[in-house]
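# Report on the structure
Now for the letters of each chain:
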Amino acid sequence: MPKIINYPKNSMIFVEGDKDDRIFILQSGYVILVSTDFETGKVLNEKLAIGEFFGVKSSLARVPRQETATVMADSVVVQMTPAEFEKIFSPNQAVMLKMLRVFSRNLRDLHYRTELLLNNNDLLIPSDKGMIQVAQAFLDEELYNSCEQVCEKVLARYPYDANKATIDKIMDLSKRQKGRVKPSHDAGDRNEASFKHKKNNALKQFDLPMFERFSKSYADGDVIICEYEPGESFYLVQSGQVQLEKLISGALKHIDIVNPGEFFGEMAILDDSPRSATCIAKGDVRCLEFNKENFRVLVTGNPQIAMILLRLFCKRIYDQKRRTKILVIKDIQARISDIFLMFDEMTPLSEADMDTSKRKFSLTVNDIAHWAGISLDDARDEMNKMSSRGKVEIYDHHMVVKNINDMKRVVDTYYTILNAHREQELR
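A brief look at the structure comes next. Fair warning: this is a prediction, and the values are worked out from it, not measured in the lab.

How each quantity is defined
- Residues numbered from 1 in each chain as written.
- Predicted model: local features only at pLDDT ≥ 70, side-chain atom pairs only at ≥ 80, totals over all residues.
- Heavy atoms only, no water.
- Helix = DSSP H or I, 4+ residues; strand = E, 2+ residues; numbered from the N terminus.
- Rg over C-alpha atoms; globule rule 2.2 N^0.38 Å.
- Buried < 20%, exposed > 50% of the residue type's maximum accessible area, 1.4 Å probe, protein only.
- Contact = heavy atoms within 4.5 Å.
- Core = buried A, V, L, I, M, F, W, Y, C linked by side-chain atoms within 4.5 Å.
- Polar contact = N/O pair within 3.5 Å; in protein donor to acceptor, adjacent residues only side chain to side chain.
- Axes fitted to C-alpha atoms, helices over the stretch in contact; angles between N-to-C directions.
- Parallel < 35°, antiparallel > 145°, perpendicular 65-115°, else oblique.
- Expected span 1.5 Å × (residues − 1).
- Pairing = 2+ DSSP bridges.
- Salt bridge = Lys/Arg side-chain N within 4 Å of Asp/Glu carboxyl O.
- Lys, Arg positive; Asp, Glu negative; His and termini not counted.
- Left-handed = near helix turned anticlockwise from the far one by under 90°.
- Nonpolar A, V, L, I, M, F, W, Y, C, P; charged D, E, K, R; others polar.
- Phe/Tyr/Trp six-rings, centres within 6.5 Å; stacked < 30°, edge-to-face > 60°.
- Lys NZ or Arg CZ within 6 Å of the ring centre and 35° of its normal.

Here we come to the overall build of the protein chain. Looking only at helices and strands, the protein chain has 16 helices and 15 strands in total. Compactness check: the protein chain gives a C-alpha radius of gyration of 23 Å against a globular reference of 22 Å for 427 residues, within 12% of the reference. Across its three principal directions, the C-alpha atoms of the protein chain cover 75 × 60 × 45 Å. Taken over 427 residues, the protein chain has a buried fraction of 47%. Taking contacts inside the protein chain between residues at least 6 apart in sequence as the whole, the part at least 24 apart equals 76%.

Put into structure tokens, the structure is as follows:
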């Protein structure tokens, strides 16, 4: 059962970095969440309203606390476990939908901030122009079926004369060059932890005859979602894998893989925003497709689905924050070192790994360039320097970090110097 806890003034309910899965509701008093903006170093204070939940994101994502909950006046809070939270609130459609929308906006804001850090000017591109650029990128990569599918999507949504003339040119080039076949979308070797097939709760919840009418099948290379197009549906992968790619400087960059039992496209269904990535079938894929009309009915009749989505948003918010934290590091060597630390955090250690500081990551120089937000040439130069100093071994499809603690020391030193500079500026 949830507990009623009294906290005196100046006490702390939890501290940043704590591994603590309790969820709270402020019943009375005055509590603030204190965090540090990792780009500016500025201390942020968020006052909680009476009746407001807190501790939800880190609890459901199963990650360390991202802020400190400080009691500013004698306060009373309701404390519960994740299981108690789910049992009490998952049937409450209003609470679930409100949380989903709030977390969706949080994730969208983080995504926008990341794009700004990457100096990505694609944020201001109109939907039809952006989709045309995606079609052109597929053409440049000789992925002709994907190119033509995006062209058809553009004409279906935006059948303007100017668009039609541009699309006709792209389609004509695609059809004339189709004889030159290129294998579609090989994601290459990645961390096994990210790709492991999981028989999770989502698949179990949807393994019922009533969901068959939502089923869709896609062939290898089919474009399920095109970046920039309006979002009207979201999907659950039943079998196969879906590759996520983003248009950066006119080229499509691989950003993630969605595995069976995982959702994609859910952000747009909640906040009416354009798609932020292109989603492509990697091999034969079966998905369940849900639209805005049946989303509310779906959540009402299946409260567990709202919890699955809520956990998904919490985890993606954490992951996006982690990515943004890497991008704000000014020193490139420290930035790359933090990429290795991030993948070390993501990858469960085997018993053999626990006794050594040596790590193997399924990363390429291309991947390092992507995660660091730098050019391939700059990434290659930095990795060659690290290799020449004996810090890493670089292979075609993986890298070996000789001592992960060396990477941590580089990052810790960077922040020690940065914090010293910030303190000096405040004097």
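The biggest cluster of nonpolar side chains holds 44 residues, and the ones touching the most others in it are Phe53, Phe85, Phe206 and Leu310. Residues in contact with Phe206, not counting those within four places in the same chain, are Phe211, Leu236, Gln238, Phe263, Leu288, Phe290, Leu298 and Ile305. Val365, Ile368, Trp371 and Ile404 belong to the second largest nonpolar core, which has 29 residues in total.

A separate point is the side chain of Asn163. Within the fold, Asn163 resides in helix 6 (residues 161–176). Residue classification places Asn163 among the buried residues on the basis of a relative accessible area of 1%. Within the local environment of Asn163, its side chain forms a polar contact with the side chain of Asp128, the two groups lying 3.1 Å apart. Looking at Asn163, its side chain comes within polar contact range of the side chain of Lys129, at 3.4 Å.

Packing of helix 12 (residues 332–346) against helix 14 (residues 365–372) brings their axes to within 10 Å, and their N-to-C directions diverge by 105 degrees. Taken together, the axis directions place helix 12 and helix 14 in an arrangement best described as roughly perpendicular. Residue-level inspection shows Arg335, Ile336, Ile339, Phe340, Met342 and Phe343 of helix 12 in contact with helix 14, the latter providing Ile368, Trp371 and Ala372.

Mapped onto the secondary structure, Tyr144 falls in helix 5 (residues 144–157). Through-space distance from the C-alpha of Tyr144 to that of Lys175 is 7.4 Å; in sequence the pair is 31 residues apart.

The end-to-end C-alpha distance of helix 6 is 23 Å, a good match for the 22 Å that 16 residues give at a rise of 1.5 Å each. On the buried face of helix 6, the contacting elements are helix 4 (127–140) and helix 5.

Strand order in the open sheet formed by three strands is 13-15-14, and the pairing between neighbours is antiparallel. The open sheet terminates on both sides in strands that have one partner only, identified here as strand 13 (359–361) and strand 14 (392–394). Strand after strand, the sheet turns through a mean of 15 degrees between neighbouring axes, direction not considered. Here strand 13 runs beside strand 15 (residues 399–401); their pairing, made up of three bridges, is antiparallel. By the bridge assignment for strand 15, Phe361 is matched with Met399.

Moving on to the pattern of salt bridges. Per the counting criterion, the structure on display carries 24 salt bridges. Salt-bridge contacts for Arg157 lead to Glu232; the nearest nitrogen and oxygen are separated by 3.3 Å. Placement of the pair is Arg157 in helix 5 and Glu232 in the loop between strand 8 (223–225) and strand 9 (233–248), with a sequence separation of 75 residues. Under the relative-accessibility criterion, Arg157 is labelled partly exposed at 29%. Two residues, Lys216 and Glu289, come together in a salt bridge whose shortest N-O distance is 3.8 Å. A residue pair is termed long-range when its members are at least 10 positions apart, and Lys216 in strand 7 (residues 215–218) and Glu289 in strand 12 (residues 278–291) qualify at 73 residues. Residue Lys216 is classed as partly exposed on the basis of its relative accessible area of 36%. A relative accessible area of 22% means that Glu289 is categorised as partly exposed. Overlapping salt bridges, with partners in common, bring together Lys153, Arg157, Glu229 and Glu232 in one network.

Here we take up the side chain of Asp222. When you line up the elements, Asp222 lands in the loop between strand 7 and strand 8. For the buried Asp222, no salt bridge exists, and the shortest N-O distance to an oppositely charged side chain is 10 Å, to Lys153. What Asp222 contacts, discounting residues up to four positions off in sequence, is Gln149, Cys279, Ile280 and Ala281.

So, about the environment of Leu110. With respect to the secondary-structure elements, Leu110 resides in helix 3 (residues 93–117). We classify Leu110 as buried; its relative accessible area is 10%. It is 34 Å that separates the C-alpha atoms of Leu110 and Asn6, two residues lying 104 residues apart in sequence.

Helix-helix packing is described using two parameters, namely the angle between the two axes and the distance between the axes. Following both chains from N to C, one finds helix 4 and helix 5 inclined at 165 degrees, their axes separated by 8 Å at the closest point. When the axis of helix 4 is compared with that of helix 5, the two are roughly antiparallel. Classified by chirality, the crossing of helix 5 by helix 4 is left-handed. Along its contact with helix 4, which presents Met131, Ile132, Val134, Ala135, Phe138 and Leu139, the element helix 5 presents Tyr144, Ser146, Cys147, Val150, Cys151, Lys153 and Val154. Class assignment for the residues of the contact of helix 4 with helix 5 results in eleven nonpolar, one polar and one charged.

Next up on the list: the packing of aromatic side chains. Overall, the coordinates contain 14 aromatic pairs when judged by the stated rule. Ring centres 5.7 Å apart and planes at 85 degrees place the aromatic pair Phe53 and Phe85 in the edge-to-face group. Remark: Phe85 occurs in helix 2 (residues 82–89) and Phe53 occurs in strand 5 (residues 53–54); sequence separation between them is 32 residues. Across the pair, Phe85 and Phe53 agree in class, each one buried. Three or more aromatic residues joined by ring pairs form one cluster here, namely Phe214, Phe234, Phe263 and Phe290. Its end group placed over the ring of Phe14, Arg65 keeps NZ or CZ at 4.1 Å from the ring centre.

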